[in-house]
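Chain and residue survey
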Amino acid sequence: MINRSLMTSIIFSVFLIVGLQNSYAEDAQLCSLCGKPIQEGSILFEVTYENGDKQQVGCPGCGLSLMSDKKIKSATTMDFLSRKIIDAKKAYYLKGTEVGFCCEPHWLSFSSKSDAEKFAKGFGGEVLSYEEAVKARGHMNH
Ligand SMILES: [Zn+2]
């Protein structure tokens, strides 16, 4: 009897684990560029095309590489500290910092330049304006 109930609980746990993994895989949104799951800490970068289509990626690094597409009307990113959605063109970017949740090199975005600079002092990286960041990202693709 003990063995049988043990077996039952093992089988039940296995089903539970498989079930949880499946539901996680279905729920997890993937960065449409690098394919990494978009996590809680990810900087959501969203572009809106002229036809109204939207595309979300998991980091400003991926997002900035989309921005050379002329059909993009607007874009938003996230302030890393406050998690607020901000205009991507007004944000400051930190390239190559030690902290990141998507692909490497890590990119973060900030609404304030001084926050980005303070963060860079602790965790490294280069503070860039939107224009500089698009250029830097463009070079990396070649
Ligand atoms: Zn990415």
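Criteria and cut-off values
Residues numbered from 1 in each chain as written. Predicted model: local features only at pLDDT ≥ 70, side-chain atom pairs only at ≥ 80, totals over all residues. Pairing = 2+ DSSP bridges. Helix = DSSP H or I, 4+ residues; strand = E, 2+ residues; numbered from the N terminus.

On to the pairing of strand 1 (residues 45–49). Pairing between strand 1 and strand 2 (residues 54–57): 4 bridges, direction antiparallel. What sits directly across from Val-47, in strand 2, is Gln-55. Between strand 1 and the antiparallel strand that follows it, strand 2, lie 4 residues; Gly-52 among them carries a positive phi value of about 95°. Bridge count for strand 1 against strand 3 (residues 72–78) is 4 bridges, and the pairing is antiparallel. Bridge pairing in strand 3 places Val-47 opposite Ala-75.

Right, let's talk about unusual backbone geometry for a bit. Residue Pro-105 is reached from Glu-104 by a cis peptide bond, and omega for that bond is -5°. Assignment of secondary structure puts Pro-105 in the loop between strand 5 (92–97) and strand 6 (106–110). Of note in the backbone geometry, Arg-83 takes a positive phi value of approximately 65° without being a glycine.

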